[in-house]
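# Structural overview
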Amino acid sequence: MKDQAVRYWHALYVRSRAEKKVLAQLEDMGIQAYLPLITHVKQWSDRKKKVEEPLFKSYVFVYSNEKEHIPVLNVYGVLKFVTFERAAVVVPENQILAIKRYIQDYERGEEGRIMNDNEDLKEGQMVRIINGPMKGLVGRLDAIKDKRRLIVYIDVVGQYIPVNIPRTRVERVIEG
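Everything in this summary refers to the structure shown in the same document. (Residues numbered from 1 in each chain as written. Predicted model: local features only at pLDDT ≥ 70, side-chain atom pairs only at ≥ 80, totals over all residues. Heavy atoms only, no water.)

### Quick look at the overall build of the protein
What counts, and what does not: In this description a helix means any DSSP run of H or I spanning at least four residues, a strand means any run of E spanning at least two, and both kinds are numbered starting from the N terminus. By definition, residues are in contact when any of their heavy atoms lie within 4.5 Å. Per-residue and other accessible areas were derived by the Shrake-Rupley procedure at a 1.4 Å probe size, with only the shown protein chains allowed to occlude residues.
Tallying secondary structure elements over the protein gives three helices and 14 strands in all. Restricting the contact set of the protein to residue pairs at least 6 apart, pairs at least 24 apart contribute 61%. If you sum the accessible surface of the protein, you get close to 11,100 Å²; carbon and sulfur atoms cover 49% of it.

Here it is in structure tokens:
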């Protein structure tokens, strides 16, 4: 049984386009929250502008204990905790850290060092990231872009984040 006073990371499902407002309200209440944001350049007919958008639309991560769940649910824009069998799902700390590292590397445009090529990979296979900011996470290989780049989908809170990653950062997961 979980200790009710111990804090864990949870995912909140929030109203569309309310992520930043929910984050601000939670922080005003003194509750630690995290909204992964990615900066994109948007092109309009007359100008370009940098815009910060949530990596996971309609989701905010909150570091809370069970006693704080009711106040969190009362924040305007919060719809519910992401649950499994009626209990708020605990998001492992390593996934939150991996998301933070992914955001940092994305913003810097870092690709990482190239290692030796690994075995032939096929679309649909499960692969494990063996180095870099998302080391240890497992995902499904979606596409092989060229000889050096892959698109791997990583499951985070029931949403799949596409990761454009060097081929040398993954290894095939042997199933069975």
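What follows picks up the thread again.
### So, the sheet that holds strand E11 (residues 138–144)
Let me state the cut-off plainly: Two strands qualify as a pair provided DSSP detects at least 2 bridges between them. Only the stretch in contact is used when fitting a helix axis, every axis being a line fitted to C-alpha atoms; angles between N-to-C directions are given from 0 to 180 degrees.
Spatial ordering of the open sheet is given by E13-E12-E11-E10-E14, a layout of five strands whose pairing is antiparallel. Each of the sheet's edge strands pairs with one partner strand only, and the pair in question is strand E13 (159–166) and strand E14 (170–172). Here the average twist between neighbouring strands, direction ignored, is 45°. Judged from the three bridges that link them, strand E10 (residues 126–129) and E14 form a sheet pairing that is antiparallel. Looking at E14, one finds that isoleucine 129 is bridged to valine 170.

### So, the nonpolar core
Quick reminder of the rule: Buried Ala, Val, Leu, Ile, Met, Phe, Trp, Tyr and Cys residues that are joined via side-chain atoms within 4.5 Å together make up what is termed a nonpolar core. We call a residue buried when its accessible area falls under 20% of the maximum for its residue type, exposed when it is over 50%, and partly exposed in between, using a 1.4 Å probe and counting protein chains only.
Of all hydrophobic cores here, the largest spans 29 residues; its most connected members are Phe61, Ile154, Val156 and Val157. When contributions to this core are tallied by element, the ones reaching two or more residues are strand E1 (8–14), strand E5 (59–64), helix H3 (93–108), E10, strand E12 (149–156) and E13. Per-element tally for this core: the top contributor is H3, with five residues. What phenylalanine 61 contacts, discounting residues up to four positions off in sequence, is Trp9, His10, Ala11, Ala33, Tyr34, Pro36, Phe56, Val91, Ile96, Ile99, Val156 and Val157.

### Some details on the pairing of E1
Counted residue by residue, E1 has five buried out of seven residues, so it is predominantly covered. Pairing of E1 with E5 involves six bridges; the strand directions are antiparallel. Each bridged residue has a counterpart across the sheet, and for tryptophan 9 the counterpart in E5 is tyrosine 63. Sheet topology places E1 next to strand E9 (residues 90–91); two bridges connect them, and they run antiparallel.

### Some points on the pairing of E13
Examined bridge by bridge, E12 and E13 share eight bridges and lie antiparallel to one another. When the bridges of E13 are listed, valine 156 appears paired with glutamine 159. Hairpin geometry of E12 and E13 is characterised by an intervening segment of two residues between the two adjacent antiparallel strands and by a positive phi of about 55° at valine 157.

### Looking at the packing of aromatic side chains
What counts here: Only Phe, Tyr and Trp rings take part, Trp by its six-membered ring, and two of them pair if their centres are within 6.5 Å. Stacked means planes under 30 degrees apart, edge-to-face means over 60, and tilted covers everything else. Definition used: whenever NZ (Lys) or CZ (Arg) falls within 6 Å of the ring centre and also within 35 degrees of the ring normal, the charge is taken to sit over that ring.
On inspection of all chains with the given rule, the structure shows four aromatic pairs. Put simply, the rings of Tyr34, Phe56 and Phe61 touch in pairs and so form one group of aromatic residues. We note arginine 47 situated over the ring of tryptophan 44; from NZ or CZ to the ring centre the distance is 4.9 Å.

### Looking at the pattern of salt bridges
What counts is decided by this rule: Salt bridge criterion: a side-chain nitrogen from Lys or Arg within 4 Å of a carboxyl oxygen from Asp or Glu.
Counted under the stated rule, the structure contains four salt bridges. Two residues, glutamate 171 and arginine 128, come together in a salt bridge whose shortest N-O distance is 3.1 Å. With glutamate 171 in strand E14 and arginine 128 in strand E10, the pair connects residues that are 43 residues apart, well separated along the chain. Relative accessible area serves as the criterion here: at 30%, glutamate 171 is assigned to the partly exposed category. Overall, arginine 128 belongs to the partly exposed group, its relative accessible area being 31%.

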